Amino acid sequence: MARVIDSFVDASDLKKLGFTHYSNNQGRPSYPTDVMVKLYLYGYMNGIRTTRKLEKACNVNLELKWLLCGLTPKYRTIGTFRIQNL
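The shown structure was predicted, so the numbers you read here are calculated from the model rather than taken from an experiment.

1. Notes on the overall build of the chain
Reasoning step 1: Each helix and strand in the chain was counted, giving 6 helices and 0 strands.
Reasoning step 2: Starting at the N terminus and walking to the C terminus, you meet the elements of the chain as α-α-α-α-α-α.
Reasoning step 3: The C-alpha atoms of the chain give 12 Å as radius of gyration, which agrees with the globular expectation for 86 residues (12 Å, within 12%).
Reasoning step 4: Here the chain holds 86 residues, and the buried ones make up 31% of them.
Reasoning step 5: Surface accessibility of the chain: about 6,100 Å² in total, with carbon and sulfur atoms responsible for 55%.
Reasoning step 6: Charge-centre separation for the chain: the mean point of 13 positive side chains lies 9 Å from the mean point of 6 negative side chains.

2. A few points about the packing of aromatic side chains
Reasoning step 1: Evaluated as defined, the whole model comprises 1 aromatic pair.
Reasoning step 2: Relative to Phe81, the ring of Phe19 lies with its centre 6.2 Å away and its plane at 5 degrees, an arrangement referred to as stacked. Of this pair, Phe19 sits in the loop between α2 (14-17) and α3 (33-45) while Phe81 is found in helix α6 (residues 75-84), placing the two residues 62 residues apart along the sequence.
Reasoning step 3: When its relative accessible area of 9% is taken as the criterion, Phe81 is described as buried.
Reasoning step 4: Here the basic side chain of Arg3 rests over the ring of Trp66, its NZ or CZ set 5.3 Å away from the ring centre.
Reasoning step 5: Its guanidinium or amino end placed over the ring of Tyr75, Arg52 lies 3.8 Å from that ring's centre, counting from NZ or CZ.

3. Focus: the environment of Asn46
Reasoning step 1: Within the secondary structure, Asn46 is located in the loop between α3 and α4 (51-60).
Reasoning step 2: For the pair formed by Asn46 and Met1, sequence separation is 45 residues and the distance between their alpha carbons is 9.5 Å.
Reasoning step 3: A polar side-chain atom of Asn46 sits 3.0 Å from the main-chain carbonyl oxygen of Tyr42.

4. Some thoughts on unusual backbone geometry
Reasoning step 1: Phi is positive for Cys69, which is not a glycine, with a value near 60 degrees.
Reasoning step 2: Structurally, Cys69 can be placed in the loop between α5 (62-67) and α6.
Reasoning step 3: Looking at Cys69, the relative accessible area reads 63%, which means it is exposed.

5. Observations regarding helix α1 (residues 2-11)
Reasoning step 1: Buried within α1 we find Ala2, Ile5, Asp6 and Val9. Buried residues of α1, viewed axially, fall in a sector of 100 degrees; they line one side. Opposite the buried face of α1, at more than 90 degrees from it, the exposed residues are Arg3, Val4 and Ala11.
Reasoning step 2: At its buried positions, α1 is contacted by α2, α3 and α5.

Rules used in this analysis
Residues numbered from 1 in each chain as written. Predicted model: local features only at pLDDT ≥ 70, side-chain atom pairs only at ≥ 80, totals over all residues. Heavy atoms only, no water. Helix = DSSP H or I, 4+ residues; strand = E, 2+ residues; numbered from the N terminus. Rg over C-alpha atoms; globule rule 2.2 N^0.38 Å. Buried < 20%, exposed > 50% of the residue type's maximum accessible area, 1.4 Å probe, protein only. Areas by Shrake-Rupley, 256 points an atom, 1.4 Å probe, with all protein chains shown as cover. Lys, Arg positive; Asp, Glu negative; His and termini not counted. Charge placed at Lys NZ, Arg CZ, Asp CG, Glu CD. Phe/Tyr/Trp six-rings, centres within 6.5 Å; stacked < 30°, edge-to-face > 60°. Lys NZ or Arg CZ within 6 Å of the ring centre and 35° of its normal. Polar contact = N/O pair within 3.5 Å; in protein donor to acceptor, adjacent residues only side chain to side chain. Arc of directions from axis to C-beta. Contact = heavy atoms within 4.5 Å.

Okay, here's the thing in structure tokens:
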């Protein structure tokens, strides 16, 4: 399933679909939009609804680690992405 999600998101034009990329001039750069969309779709397809469970899955699940290229966003980052991209 992770390969299907990866191919689907890579082939999609995320800006055309309405996903926004939040950029902050201070601090660390934000996570790429495609990584956050992959995480969101993975959670939806596997029944993981809460941001804290998604954060835990990013640290434990090898399939998800591959899908996100080793990135592990925190629960607050995942929640902010969900709010900004309804």
